[in-house]
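If you want the building blocks of each chain, they are given just below.
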Amino acid sequence: RPERPPPSGCRLATVPSVSSYVIGRRGRPFTDPVDPEALGLTDYFQVITSPMDLGTVRAKLESFGYTGAEEFVSDVRLTFDNALLYNPPADRVHQLAGIMSDCFERDWVKEEAKLEAKGVRVSVG
């Protein structure tokens, strides 16, 4: 997908600070699991086979539910990938998912370098 400029005030959603995405105004569409029934999305589970949201990511972080950075990064990516897959490009949720995904990827590179500089082995593709 094309590179997008990060939103103003975009903050890193790393292991210790995923709340910045969840709490931020732009992150609201991704905070809770999608409720297909309430939203009338009858085909949602046919298209999205592995739902994920940032609230679940945060809960897993707070309960030490991740065994490594790979799982954390995978779930954050899955959140945005699902939104990009299900929603058409003109939809606001699709556009926000693209922006936030780009921001996360940009900032994750920086966080990964910091962790590795501290001797923490991070092998995320």
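Structure first, text after, so check above.
The present account deals with the structure reproduced in this document. (Residues numbered from 1 in each chain as written. Predicted model: local features only at pLDDT ≥ 70, side-chain atom pairs only at ≥ 80, totals over all residues. Heavy atoms only, no water.)

1. Re the overall build of the chain
Then step 1. Counting its regular elements, the chain contains six helices and zero strands.
Then step 2. Ordered by position from the N terminus, the helices and strands of the chain form the series α-α-α-α-α-α.
Then step 3. By residue count, 42% of the 125 residues in the chain fall in the buried class.
Then step 4. Contacts in the chain between residues far apart in sequence, at least 24 positions, make up 62% of those at least 6 positions apart.
Then step 5. Taken as a whole, the chain presents about 7400 Å² of accessible surface, with 55% of it coming from carbon and sulfur. (Helix = DSSP H or I, 4+ residues; strand = E, 2+ residues; numbered from the N terminus. Buried < 20%, exposed > 50% of the residue type's maximum accessible area, 1.4 Å probe, protein only. Contact = heavy atoms within 4.5 Å. Areas by Shrake-Rupley, 256 points an atom, 1.4 Å probe, with all protein chains shown as cover.)

2. Things to note about the layout of surface pockets
Then step 1. Considered as a void within the structure, the largest pocket measures approximately 420 Å³ in volume.
Then step 2. For the largest pocket, the lining is made up of 21 residues, of which Pro29, Val34, Leu39, Asn87 and Val93 are closest to its centre.
Then step 3. If you list the elements that add at least two residues to the lining of the largest pocket, you get helix 3 (44–47) and helix 5 (69–86).
Then step 4. Residue contributions to the lining of the largest pocket peak at four residues, all from helix 5.
Then step 5. Each residue belonging to the lining of the largest pocket can be placed in one class, and the counts come to 13 nonpolar, four polar and four charged. (1 Å grid on protein atoms, 1.4 Å probe; cavity = no way out; pocket = protein on both sides within 12 Å on 5 of 7 lines; lining within 4 Å. Points joined across faces, edges and corners; volume = space filled by probe spheres on them. Nonpolar A, V, L, I, M, F, W, Y, C, P; charged D, E, K, R; others polar.)

3. Section: the pattern of salt bridges
Then step 1. Per the stated rule, a full pass over the model turns up four salt bridges.
Then step 2. Notably, a salt bridge pairs Lys60 with Asp75, separated by 2.9 Å at the nearest N-O pair. You can see Lys60 sitting in helix 4 (residues 54–62) and its partner Asp75 sitting in helix 5, a full 15 residues away along the chain.
Then step 3. One salt bridge connects Asp107 with Arg106, and the closest N-O pair in it is separated by 2.9 Å.
Then step 4. Judged by its relative accessible area of 7%, Asp107 falls in the buried class.
Then step 5. Via salt bridges that share partners, Arg106, Asp107 and Lys110 belong to a single interconnected network. (Salt bridge = Lys/Arg side-chain N within 4 Å of Asp/Glu carboxyl O.)

4. With respect to the environment of Val73
Then step 1. Within the secondary structure layout, Val73 lies in helix 5.
Then step 2. With 32 residues separating them along the chain, Val73 and Glu105 place their C-alpha atoms 9.2 Å apart.

5. Overview of the packing of aromatic side chains
Then step 1. On inspection of all chains with the given rule, the structure shows seven aromatic pairs.
Then step 2. Measuring from ring centre to ring centre gives 6.2 Å for Phe72 and Phe104, while their planes differ by 70 degrees; the resulting arrangement is edge-to-face. Here Phe72 is found in helix 5, whereas its partner Phe104 is found in helix 6 (residues 92–117), with 32 residues between them in sequence. By the burial criterion, Phe72 is buried, and Phe104 matches it.
Then step 3. Taking 6.2 Å as the distance between ring centres and 15 degrees as the angle between the ring planes, the aromatic pair formed by Phe104 and Trp108 counts as stacked. Note that Phe104 and Trp108 are positioned in helix 6 at a spacing of four residues, about one turn of the helix. Exposure class is identical for Phe104 and Trp108. Each is buried.
Then step 4. Ring pairs connect the aromatic residues Tyr66, Phe72, Phe104 and Trp108, which therefore count as one cluster. (Phe/Tyr/Trp six-rings, centres within 6.5 Å; stacked < 30°, edge-to-face > 60°.)

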